[in-house]
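One letter stands for each residue in the lines below.
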Amino acid sequence: RSVPTSNPQTTTTKTLTQASQHPKRCYCLRQHTAKGTPSMCSKSSNRSASTFLWLGLVTMAATSTLTTRAFQFLPCTTRMRVMSTSSTAARNQLFNSSRILRKTMFATPFTALSRPSLMTRYMSTASLTDEQRVELESKIKDKGEEIRSMKEKGVAKDELAPHVAELLDLKGQLDPSSAATPTNKGEPTKKQTQKKQAVVEDAESDYITSRAENYSKWYNDIIRVCDLADNSPVRGCMVIKPWGMSIWDQIRNDLDARIKEHGAENAYFPLLIPKSFLSKEAEHVDGFAKECAVVTHHRLTVDPSGEGGLIADPEAELEDPLIIRPTSETMIWNMFKKWIVSHRDLPLKMNQWANVMRWEMRTRPFLRTSEFLWQEGHTAHATSEGALEDSKLMLDQYAEMCQNLLAIPVIKGAKSPSERFAGAEETFTIEALMQNGWALQSGTSHFLGQSFGKAFDVTFQDAEGKQQDVWGTSWGVSTRLIGALIMTHSDDAGLVLPPRVAPVQVVVVPIPPKKNDEEGKVALNNALDKMVANLKSAGLKVKVDDRDYVRNGAKYFEWERKGVPLRIELGPRDVKGGVCVFKYRVGKEEKETVSLDEVSVMAVKGLDELQENLLESAKERLAANINMMATYDQMKKALEKDEASEYNGPGLYLVPWKCNAENEDKIKEECKATIRCYPTDVNEAGMAEGKKCFYSGEDATHMALFGRAF
C-alpha cells in the first residue's frame with residue numbers, strides 16, 4: 001500500500017535503493033533471524049534481500065492491532081507516526097505491520113520467505129463453513145486433550161505417534177499452512193521449535209480479526225483479548241474471567257432490583273432433579289430430554305483390573321437417576337405443592353440466580369454453552385388473567401433493562417407455537433439485532449397455564465372453599481446478554497461498553513513527574529486524590545491505573561480494548577495548568593482538555609451522552625435492517641448464503657404470515673430462517689388484516705418477523 005500505483009516498477013526500485021542505504025531499518029530482522037539463516041547484517045547482496053523482505057512484510061500486512069510487546073519491533077519512523085496519531089482507527093492501521101512482521105520473522109525461516117509457501121500462511125480458510133470450522137476446532141481440542149492425558153500416563157512414543165499424526169492432519173484441514181514442513185536445510189531443534197511456537201501464539205493471542213473479514217472470528221477474538229472468558233477443560237463449558245463476571249454482576253444488580261420490585265423473592269433450589277420429576281410433564285420432558293446430563297452413580301471406586309483407574313462403583317448405582325437441572329420448573333412446582341394451600345398464599349413469586357446445564361454439541365461463548373448462568377423466576381396465581389399479566393409485565397422489565405442499562409433496543413413479541421417453551425401455552429420474547437443482521441433471543445417469559453400445577457397436583461382453596469388448580473409462569477435471562485452486548489456495540493479495536501453497564505466507567509492514568517521532582521509528586525497526588533473523590537461522589541465507578549511497571553501507552557491500549565468509556569490523563573503540566581485530559585472510547589475521536597474544577601460534572605455529562613448515542617445508533621441499525629413486505633423469493637435469495645461470519649447481512653423480514661407449523665419447517669429447511677416472533681405492536685395494531693401470507697398465499701393471521709439467529 002505504501003508504493004504508488006503510477007509506474008510501480010520504477011518507484012519500487014527507487015524505494016529499495018534508498019532503503020539499502022539505511023541498514024538500521026532492518027534492525028528487527030538482523031537481531032532476531034533464526035540460527036542457520038543468512039545474516040541481515042551482511043554488506044553483500046544479503047542487504048538488498050533483507051531490505052526487500054522488510055518492505056514486503058510491511059506492505060502485505062493484514063488488518064490488525066498493536067500489542068505492547070510488538071511495538072518495540074516497529075521501525076523507528078513508524079513508531080513516531082504511531083505516537084503522534086490520536087485516532088484509534090488510524091493508529092490500528094499503522095499497527096498492522098507489527099503482527100505480520102513479528103509472526104513472519106519468528107515463525108518463517110529466511111530461506112523459505114521467497115517461496116510460494118509464504119502465501120499459504122496468510123491464505124484464508126474461507127472454503128470451510130462455520131459449522132465445519134467449529135467441528136474441526138472441537139475435534140482438535142478433544143484430540144489434544146487425549147494426547148496430553150496419554151502423556152501424563154506415560155504412554156510410549158510409538159503408541160502416541162498415530163494420535164499425533166491424526167492431530168496434525170486435523171490441523172492441516174483447518175489451516176493448510178500449519179501442515180507445511182520446514183524447507184530449510186537443517187531440521188530445527190526442539191528448543192527452537194518450541195520458542196517459535198510460543199512467540200507465534202503470543203502474537204496471535206492479542207490480534208482481533210476485523211468484522212468485515214470474519215464476524216464470528218471477530219466475536220471470539222473480542223472475548224479472548226478483552227479477558228471476558230476462556231475455554232475450560234470441560235467440553236462446551238467456559239470459564240468466565242473477572243472482567244466478564246463483573247459485567248454480569250452489573251446486569252444482575254440492575255435486574256435483581258427489578259425482580260424484587262416485581263414482587264418476587266430470591267431463593268435457591270437443588271442442582272440435581274430426580275428423573276421421575278421430568279417425566280411428570282410430557283411436553284417438558286420431550287423438550288429437554290436430548291439436552292440432559294444424567295447422574296447415575298453416587299461414588300467412584302478403583303478399577304479392580306487396574307487398567308481403568310477410577311470407575312463408577314457398580315454397587316453405587318442410583319435407583320432414580322438424577323438430572324443436572326436444565327431448568328427448575330419441576331423442582332419448584334414440587335415445592336409449591338407444599339407451600340400453597342389457600343388463595344391467601346397466592347400469588348407466590350420465586351426467583352433464583354443459578355447455573356444450569358443443557359448439553360450442547362455446537363457452542364459459542366456466552367451465546368450457547370452447555371453450562372451457563374441465569375436467573376429463573378417462577379410464579380403461581382389463582383387466575384389465568386393474573387398469570388398472563390405477570391408474564392407480560394416481566395417481559396417489559398427485561399426490555400427496559402436492555403434499553404436503559406445495555407443500550408440495546410429490542411422487539412417484544414410472542415413466539416410461534418413451534419418455538420414455544422416446552423410445556424408453555426404462550427412464550428413471549430425480546431429479540432435484539434446484532435451488527436451482522438442476525439437476531440438474538442435475549443430474554444423470555446412463559447405463560448404456563450395449568451400444566452405444571454396439574455402435573456404436580458398443586459391446588460388451592462378459593463374464597464368459596466372450592467379446590468382449584470393453580471396457574472403458573474416462568475421467566476428468565478442469562479449470560480447470553482453479554483454476547484448481545486458485545487455484538488451490538490463493539491468494534492474492530494475491542495470491546496465497547498455503555499457507561500451504565502461498565503464495571504469501570506472512568507479510568508484515571510496519572511503521568512508521574514521526574515524522579516527528583518518531589519514537589520511535583522505531592523502536587524500530582526493531591527490533585528489525583530481530589531479528582532477521584534469528586535468523581536466517586538458523583539456516583540461514577542473509578543479506577544486509578546498507577547502501575548509503575550507498565551508504560552502509559554500500554555495502559556491506554558489495554559483500557560480501550562476492555563471498553564472503559566472514559567479515560568482521564570493527569571500529569572505534572574496538567575496540574576500546574578489546573579486541567580486534565582479526557583479521551584472517550586467512542587463517539588469523540590479527539591482528546592478534550594477539561595478544568596479540574598469541572599471534572600465530575602463534565603464526566604457525568606459526557607458519559608450520559610455516550611450512553612444515549614450508543615442506544616440511538618443501535619436503534620437506527622435496527623430500523624434500517626427490518627425489511628418490510630418482501631416476497632418469500634426475495635427473502636430466500638438474500639438468506640440462502642447468509643452466514644454468521646458475514647458482516648452487514650440482509651437483516652430481518654417483517655411479513656404477513658398464515659400460522660402453519662409445516663410451512664414454518666419448510667422455510668427453515670430452505671433458507672435457515674426462523675420466526676423470531678410475532679411483534680406485539682404491529683399485531684395489536686391489526687397490521688396483518690386483509691393481507692395474504694407471503695409463503696402460502698392464504699389469508700394472513702399474523703405479522704411475523706423472520707430472520708437468521710444465533
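Residues numbered from 1 in each chain as written. Predicted model: local features only at pLDDT ≥ 70, side-chain atom pairs only at ≥ 80, totals over all residues. Heavy atoms only, no water.

Chemist: Got a minute to help me understand the overall build of the protein in this structure?
Modeler: When helices and strands are counted, the protein shows 24 helices and 25 strands. For the protein, the proportion of its 710 residues judged to be buried stands at 48%. Split by element, the accessible area of the protein, about 35,300 Å² in all, is 51% carbon and sulfur. (Helix = DSSP H or I, 4+ residues; strand = E, 2+ residues; numbered from the N terminus. Buried < 20%, exposed > 50% of the residue type's maximum accessible area, 1.4 Å probe, protein only. Areas by Shrake-Rupley, 256 points an atom, 1.4 Å probe, with all protein chains shown as cover.)

Chemist: What's the story with a nonpolar patch on the surface in this structure? I'm lost.
Modeler: A cluster of nonpolar side chains, namely Tyr268, Leu271 and Leu272, defines an oily patch on the protein surface of about 270 Å² accessible area. Within the element layout of this structure, Leu271 appears in the loop between strand S3 (265–266) and strand S4 (272–274). (Patch = residues over 30% accessible without salt bridge, like charges linked within 9 Å, V, L, I, M, F, W, Y side chains within 5 Å. Salt bridge = Lys/Arg side-chain N within 4 Å of Asp/Glu carboxyl O.)

Chemist: Got a minute to help me understand the pattern of salt bridges in this structure?
Modeler: Two side chains that carry opposite charge are able to pair once their charged atoms sit near each other. Tallied over the entire structure, the rule returns 34 salt bridges. In this structure, Glu518 and Lys521 form a salt bridge, with 3.8 Å as the shortest nitrogen-oxygen distance. Within this pair, Glu518 and its partner Lys521 are both found in helix H18 (residues 518–537), separated by three residues, close to a single helical turn. According to the relative accessible area criterion, Lys521 is partly exposed, its value standing at 29%. Between Glu609 and Lys588 there is a salt bridge whose closest N-O contact spans 3.9 Å. Of this pair, Glu609 sits in helix H21 (residues 599–624) while Lys588 sits in the loop between strand S20 (579–584) and strand S21 (592–595), placing them 21 residues apart in sequence. Looking at Lys588, the relative accessible area reads 32%, which means it is partly exposed.

Chemist: Looking at this model, I keep getting lost on the packing of helix H11 (residues 242–261) against helix H17 (residues 480–489). Mind explaining?
Modeler: Two numbers describe how H11 lies on H17: the axes approach to 10 Å, and their chain directions differ by 105 degrees. It follows that H11 is roughly perpendicular to H17 by the angle criterion. Residue-level inspection shows Gly244, Ile247, Trp248 and Ile251 of H11 in contact with H17, the latter providing Leu481, Ile482 and Leu485. Residues that form the contact of H11 with H17 fall into these classes: six nonpolar, one polar and no charged. (Axes fitted to C-alpha atoms, helices over the stretch in contact; angles between N-to-C directions. Parallel < 35°, antiparallel > 145°, perpendicular 65-115°, else oblique. Contact = heavy atoms within 4.5 Å. Nonpolar A, V, L, I, M, F, W, Y, C, P; charged D, E, K, R; others polar.)

Chemist: Please explain the packing of H18 against H21 as it appears in this structure.
Modeler: Helix-helix packing: each pair is described by the crossing angle between the helix axes and the interaxial distance. Put simply, H18 and H21 touch, their axes get as near as 9 Å, and they point 45 degrees apart. Classified by the angle their axes make, H18 and H21 are oblique. H18 and H21 meet at a crossing whose hand is right-handed. Along the contact surface, H18 presents Met531, Asn534 and Leu535, while H21 presents Val599, Ser600 and Ala603. Partitioning the contact of H18 with H21 into residue classes produces four nonpolar, two polar and no charged. (Left-handed = near helix turned anticlockwise from the far one by under 90°.)

Chemist: For this particular structure, what's the right way to read a negative patch on the surface?
Modeler: Together, Glu640, Asp665, Glu669 and Glu670 make up a negatively charged patch on the protein surface. Within the element layout of this structure, Asp665 appears in helix H23 (residues 661–671). (Lys, Arg positive; Asp, Glu negative; His and termini not counted. Charge placed at Lys NZ, Arg CZ, Asp CG, Glu CD.)

Chemist: Whenever I open this one, the nonpolar core confuses me. Can you help?
Modeler: Soluble globular proteins tend to bury their nonpolar side chains together. Residues Ile247, Ile251 and Leu406 are the most contacted members of the largest nonpolar core, which totals 58 residues. For this core, the secondary structure elements donating two or more residues are helix H10 (215–225), H11, helix H15 (384–404), strand S12 (426–433), strand S16 (471–478), H17, strand S17 (506–510) and helix H19 (552–561). In contact with Ile251, other than residues within four places in its own chain, are Met401, Leu405, Leu406, Leu481, Ile482 and Val501. Core analysis: the second largest hydrophobic core is formed by 26 residues, Leu278, Met331, Phe336 and Phe421 among them. (Core = buried A, V, L, I, M, F, W, Y, C linked by side-chain atoms within 4.5 Å.)

Chemist: Looking at this structure, how should I read the packing of aromatic side chains?
Modeler: Two descriptors summarise a pair of aromatic rings, namely the distance from one centre to the other and the angle between the planes of the rings. Summed over all chains, the structure comprises 17 aromatic pairs. Here Phe447 and Trp471 contribute two aromatic rings whose centre-to-centre distance is 6.2 Å and whose plane-to-plane angle is 5 degrees, an arrangement assigned as stacked. Taken together, the positions of Phe447 in strand S13 (residues 439–449) and Trp471 in strand S16 put the pair 24 residues apart, joining distant regions of the chain. Comparing Phe447 with Trp471, the two get one shared label, buried. Through successive ring pairs, a cluster of aromatic residues spans Tyr632, Trp657, Phe694, Tyr695 and Phe706. When the ring centre of Trp218 is taken as origin, the NZ or CZ atom of Arg211, which lies over that ring, is 6.0 Å away. (Phe/Tyr/Trp six-rings, centres within 6.5 Å; stacked < 30°, edge-to-face > 60°. Lys NZ or Arg CZ within 6 Å of the ring centre and 35° of its normal.)

Chemist: Hey, could you run me through unusual backbone geometry in this one?
Modeler: Excluding glycine, most residues fall at negative phi; most peptide bonds, likewise, are trans. Of the consecutive residues Leu346 and Pro347, the connecting peptide bond is found in the cis state with omega at -5 degrees. Tracing the backbone shows Pro347 in the loop between helix H14 (329–339) and strand S9 (348–357). Of note, the phi angle at Phe366 is positive, near 70 degrees, even though the residue is not glycine. Here Phe366 shows up in the loop between S9 and strand S10 (371–381). Given the relative accessible area of 2%, Phe366 is considered buried. Positive phi, normally seen in glycine, also occurs at Asp457, with a value near 55 degrees.

Chemist: Explain the pairing of S17 here, please?
Modeler: Strand residues, when the strand is regular, have side chains that alternate between the two faces of the sheet. Of all five residues in S17, five are buried, a share of seventy percent or more. Side-chain alternation along S17 places Val506, Val508 and Pro510 on one buried face and Val507 and Val509 on a second face that is also buried. Pairing analysis gives three bridges linking S17 to strand S18 (residues 542–544), with the strands arranged parallel. Within S18, the residue paired with Val508 across the bridge is Val544. Between S17 and its parallel partner S18, the chain crosses via H18, and the hand of that crossover is right-handed. (Pairing = 2+ DSSP bridges. Right-handed = clockwise from strand over helix to strand, strands pointing away.)

Chemist: Would you take a moment to explain the sheet that holds strand S5 (residues 293–297) for this structure?
Modeler: Hydrogen bonds between backbone atoms are what pair the strands of a sheet, whose relative direction is either parallel or antiparallel. With respect to topology, three strands assemble into an open sheet ordered S4-S8-S5, the strand pairing being antiparallel. Each edge of the sheet is formed by a strand with only one pairing partner; in this case those strands are S4 and S5. Each strand axis lies, on average, 40 degrees off the axis of its neighbour in the sheet, ignoring direction. Bridge count for S4 against strand S8 (residues 317–324) is three bridges, and the pairing is antiparallel. Of the residues in S8, the one forming a bridge with Pro274 is Leu322.

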